[in-house]
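# Structure at a glance
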Amino acid sequence: MRTIAEPAGASFIFVYGPSGVGKTTLRLRVEQKLTELALPKLESDFLRDSFASRGRVPVVGVEAVAPESRNFNWKDYYTRALIALEEPLIDHKFDYGVRGISRDQFGQINVESKVVAPALRRALENALIHRQPDVFFVDEAQHFGKMASGYKLQDQLDCLKSLANMTGILHCLLGTYELLTFRNLSGQLSRRSVDIHFRRYCADSPEDVQAFKSVLLTFQQQMPLAEAPDLVSHWEYFYERTLGCVGILKNWLTRALKDALDREAATVILKDLQKRAWSVAQCRRMFTEIQEGERQLSETEADVNSLRSALKLGEKPIEPPEETPKTTRPPGKVGKRNPKRDPIGVQQDVS
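Sequence positions are assigned chain by chain, starting from 1 and proceeding in written order. At least 70 in pLDDT is required for a residue's local features to be given in this predicted model, at least 80 for side-chain atom pairs to be given and counted, and no such filter applies to totals for whole chains, interfaces and linings, which use all residues. For the side-chain quantities, the full set of heavy atoms in the structure was used; hydrogens and water were omitted.

### Quick look at unusual backbone geometry
- For Leu243, which is not glycine, the phi dihedral falls at a positive 60°.
- A run of H or I in DSSP counts as a helix once it spans at least four residues, and a run of E counts as a strand once it spans at least two, with each numbered from the N terminus. By the element assignment, Leu243 lies in the loop between helix H9 (235-242) and helix H10 (246-262).
- When its relative accessible area of 7% is taken as the criterion, Leu243 is described as buried.
- A positive phi is found at Glu264, a non-glycine position, where the angle reads about 55°. Partly exposed describes any residue whose relative accessible area lies between the buried limit of under 20% and the exposed limit of over 50%, with all areas from a 1.4 Å probe on protein chains only and scaled to the type maximum.

### Things to note about the nonpolar core
- Formed by 47 residues in total, the largest nonpolar core has its most connected members in Tyr77, Phe136, Val138, Phe144 and Leu173.
- Mapped onto this core, the elements with two or more residues apiece are strand S1 (12-16), strand S2 (59-63), helix H4 (74-84), helix H5 (117-131), strand S5 (135-139), helix H6 (152-167) and helix H12 (280-297).
- Note on definitions: a residue-residue contact is assigned when non-hydrogen atoms from the two residues lie within 4.5 Å. Excluding its chain neighbours within four sequence positions, the residues that come into contact with Phe144 are Ala64, Phe72, Trp74, Tyr77, Val138, Gln156, Leu160, Leu173 and Phe182.
- For the purposes of this section, nonpolar cores are sets of buried Ala, Val, Leu, Ile, Met, Phe, Trp, Tyr and Cys residues that join through side-chain atoms within 4.5 Å. If you look at the next biggest cluster of nonpolar residues, it comprises 20 residues, including Val209, Phe212, Trp252 and Ala260.

### A few points about the packing of aromatic side chains
- Each Phe, Tyr or Trp ring (for Trp, its six-membered ring) is paired with any other whose centre lies within 6.5 Å, and the angle between the two planes then decides the class: stacked below 30 degrees, edge-to-face above 60, tilted in between. In the structure shown here, the tally under the stated rule is 16 aromatic pairs.
- Both rings, one in Phe72 and one in Phe144, keep their centres 4.7 Å apart while their planes meet at 55°; by these two values the pair is tilted. Of the two residues, Phe72 is situated in the loop between S2 and H4 and Phe144 in the loop between S5 and H6; the sequence distance between them amounts to 72 residues.
- A relative accessible area of 7% places Phe72 in the buried class.
- Take Phe144: its relative accessible area is 0%, and that puts it in the buried class.
- Judged by centre distance (5.5 Å) and plane angle (35°), the rings of Trp74 and Tyr78 are tilted.

As structure tokens, this is what we get:
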């Protein structure tokens, strides 16, 4: 929300995270919040009959659909984006000015099959400029990388970049760690983008463990059962089979709840959970992908020194950890008592 409010020259926001961590839920929540913030202004302009503001859409969200073939389908993407930019006021529909894009009797957009991708691209540019959303969300954005050859990946990136530049609309791309392929493909894009790592809960962080337990408690309280199950006491098992991803946890509990309701049980038991849990093999495979993504997003001392060496700055000196000052006593004879005692909590200068 802070980056959207002040992108500081950025054209893109990249949100990376493992599958099932809650990226789509995050997008929907931000869309809801942006719409709530824009409503007072939109209602005020509506009462003043401001046509320009009536045509504005505060936020738009689409999903980049995985292609059936090896190449990403831009024509399908442009069509879905145009439909997402629509709003219900038929009297204030926008004329895209492209042959083959029309409206039916209900005012809904109709794209003929003969319309080529470049024409759809121009229509989308006009629509974005007219609607002026605060941000254009693209979920599952890693699908942009589905290309037959490596060099075309740069073309995909340039297409997105020019769309953002020509319309002046901030684009937020959400995806798995596969989206990291785009991260350093272009120095210019790196300068014009903001990275946000939407990470999973980590078991080595007490704060994350507490948050994960709180999520479990919320879920167990919301289950429509005669007796609330005790999920929190089994938090390690839930963490083990979800890898700390709340989206996976929610889907797992939903399936287990369905089994309990089907047999008219009073609560969800461990057997229900074990039946619907991910296998160890599935968890290992996904965790390997998560580890690689987290490694790419981490910065080590070696990475810093490599950059400094390339910039001719030399290696960054490693600062030793601060040592707790030790209280020393004046040398004395063995067995001889020192009648003068130091006050508790006060260190004397014995130099």
